[in-house]
Amino acid sequence: MSEDRESFDLQNYLTRGVEQIVSDAVRTTLKDPRESLFMAKFAAASRAASKRRRKAEDAGEHIPSFLIASITSKCNLHCAGCYSRCSQATTDAEPVSQLTGEEWLKIFDEADQLGISFILLAGGEPMLRRSVIEAAGQKENILFPIFTNGTYMDERYFALFDRCRNLLPIMSIEGEKETTDQRRGEGIYDRLISNMEELCRRGRIFGASVTVTTQNIGEVTSDSFLKKLSDRGCKAVIYVEFVPVSEDGAQLAPGDAEREFLKDEIARLRSDRPEMVYVSFPGDEKSSGGCVAAGRGFFHINSHGGAEPCPFSPYSDVNVKNTSLREALRSPLFTALRDGGLLLDDHAGGCVLYEKRELVERILAEGSLPRKS
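So, how was this worked out
Residues numbered from 1 in each chain as written. Predicted model: local features only at pLDDT ≥ 70, side-chain atom pairs only at ≥ 80, totals over all residues. Heavy atoms only, no water. Helix = DSSP H or I, 4+ residues; strand = E, 2+ residues; numbered from the N terminus. Axes fitted to C-alpha atoms, helices over the stretch in contact; angles between N-to-C directions. Parallel < 35°, antiparallel > 145°, perpendicular 65-115°, else oblique. Left-handed = near helix turned anticlockwise from the far one by under 90°. Contact = heavy atoms within 4.5 Å. Phe/Tyr/Trp six-rings, centres within 6.5 Å; stacked < 30°, edge-to-face > 60°. Buried < 20%, exposed > 50% of the residue type's maximum accessible area, 1.4 Å probe, protein only. Salt bridge = Lys/Arg side-chain N within 4 Å of Asp/Glu carboxyl O. pLDDT = per-residue confidence, 0-100. Polar contact = N/O pair within 3.5 Å; in protein donor to acceptor, adjacent residues only side chain to side chain. Core = buried A, V, L, I, M, F, W, Y, C linked by side-chain atoms within 4.5 Å. Arc of directions from axis to C-beta.

(A) Main features of unusual backbone geometry. Geometrically, the link from Gly123 to Gly124 is a cis peptide bond, its omega value of 15° lying close to zero. A positive phi is found at Ser97, a non-glycine position, where the angle reads about 55°. Within the fold, Ser97 resides in the loop between helix 4 (83-86) and helix 5 (101-114).

Quick look at the structure:
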């Protein structure tokens, strides 16, 4: 491990990152009094959460800023190359033994107490779990980006988003109409645009999630595409690098050249188009001291309660039905991944844990732990 990595203060880095995201969000909502007031209140709550995480860090306990919660294993779409379907985390079968709305609320309560500021709601299609999203709306100290395909947006959801400003719809779009419909299905692009226009009409903040591939990277960073989002009121664009989960999709994964291009483009966009917030995932891991999964910067809870390093590494040795978030962060798997240096290893693609999944499986096997969550 290099000297730079040994001296790297992850907690400070993530705290600065959270503060920057919140600051950018406040700036983008200045023209909307209701949104601006909410973001100002959330900024204060986020600062308090950062202090709780810092206090825990000083006591020898690391609490991440982010949690990813996949609240259902069901989805109505079959998007090309979907990692969740390829790993069988999402299926067409009716979900069984999923966490209830009450169990998710308990998780949200503990996350608030620990100082977790952001919980990303995913799936499957998270808007199939209306009761869970309603429970999230009660936790005003936490911002809940909801990563949705947009097909279940209805009047009840629009009204819920009006009441609960901590619920932030993030609609998945792949670029222009042809590119989006090719991956997500015919008519999806038009539905997304309609949702954006309705949210804009209501004065609601929302964002877009873009899966970046070698095929669409130029299109989704172009001024013409981003202007269309901005003109419809979009305030955040989250770029998620495509991670192949089969050999068929390997050619779509961004390489070093594409990742450097994306990094430079995001820097340009933050300067040239400051009306929107731009976030890259996993982003430049070199600047964050390595992969931030397994509790370094975030971790993942699947729809059945299994605590996993990240959605691209669906392995677990603990279930939050039977323990607390705090204990899940101390699980043997998470501890081995963090302390063993695997998260700091160099790798070719966008996800070190997926690329080294055989080693992750071996860590589980050697500890006589279940191989899949």
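Let us keep going from here.
(B) Examining the packing of helix 14 (residues 332-339) against helix 16 (residues 357-366) more closely. It is at 10 Å that the axes of helix 14 and helix 16 come closest, and there the two elements cross at 130°. For the element pair helix 14 / helix 16, the angle class is oblique. Remark: the crossing between helix 14 and helix 16 carries right-handed chirality. Here helix 14 contributes Leu333, Ala336 and Leu337 to the contact with helix 16, which in turn contributes Val360, Ile363 and Leu364.

(C) Examining the packing of aromatic side chains more closely. Following the criterion strictly, the structure yields eight aromatic pairs and no others. Look at Phe42 and Phe118: their rings are 5.7 Å apart centre to centre, the planes differ by 75°, and that puts the pair in the edge-to-face class. Here the residue Phe42 occupies a position in helix 3 (residues 33-58), and Phe118 occupies one in strand 2 (residues 118-122), the gap between them amounting to 76 residues. For Phe42, a relative accessible area of 1% corresponds to the buried category. Judged by relative accessible area, Phe118 falls into the buried class, the value being 3%. Look at Phe66 and Phe118: their rings are 4.9 Å apart centre to centre, the planes differ by 15°, and that puts the pair in the stacked class. Separated by 52 residues along the polypeptide, Phe66 in strand 1 (residues 66-70) and Phe118 in strand 2 bring together distant segments of the chain.

(D) Molecular detail of the pattern of salt bridges. For the coordinates displayed, the defined rule picks out 24 salt bridges. Ionic pairing is found between Arg202 and Glu155, a salt bridge with its closest N-O pair at 2.7 Å. Of this pair, Arg202 sits in the loop between helix 9 (188-201) and strand 5 (206-212) while Glu155 sits in helix 7 (residues 155-163), and the two are 47 residues apart along the sequence. The partner of Asp231 in a salt bridge is Lys227, and the shortest N-O contact between them spans 2.7 Å. Separated by four residues within a single helix, Asp231 and Lys227 lie in helix 11 (residues 223-231), roughly one turn from each other. The class of Asp231 is exposed, set by a relative accessible area of 51%. Accessibility expressed as a relative area gives 43% for Lys227, which makes it partly exposed.

(E) Seen up close, the confidence of the model for the chain. Per-residue pLDDT for the chain has a mean of 86; in total, 88% of the residues score no lower than 70. Mean pLDDT across the elements of the chain ranges from a minimum in helix 1 (residues 3-7), with 44, to a maximum in helix 10 (residues 217-220), with 98. Counting interchain partners and residues more than four positions distant, the pLDDT-below-50 stretch residues 1-6 has five contacts.

(F) Just the environment of Tyr315, in detail. Structurally, Tyr315 can be placed in the loop between strand 9 (307-308) and helix 13 (325-329). For the pair Tyr315 and Val360, spaced 45 residues apart in the sequence, the C-alpha separation amounts to 8.0 Å. Here the side chain of Tyr315 touches Glu361 through a polar contact of 2.7 Å, side chain to side chain.

(G) Up close: the nonpolar core. Among the nonpolar cores identified, the biggest contains 100 residues, and Ile119, Leu121, Leu229 and Tyr239 are the most heavily contacted of them. By residue number, the principal contributor to this core is helix 9, which donates six residues. With residues near it in sequence (within four places) discarded, Leu121 still touches Ala69, Ile71, Phe108, Pro126, Ile133, Ala136, Phe144, Pro145, Ile146 and Phe147.

(H) Summary view of helix 14. Buried within helix 14 we find Leu333, Phe334 and Leu337. All buried residues of helix 14 project into a common sector of 95° when viewed along the axis, lining one side. Among the exposed residues of helix 14, those oriented more than 90 degrees off its buried face are Pro332 and Asp339. Next to the buried residues of helix 14 lie strand 9, helix 13, helix 15 (352-355) and helix 16.

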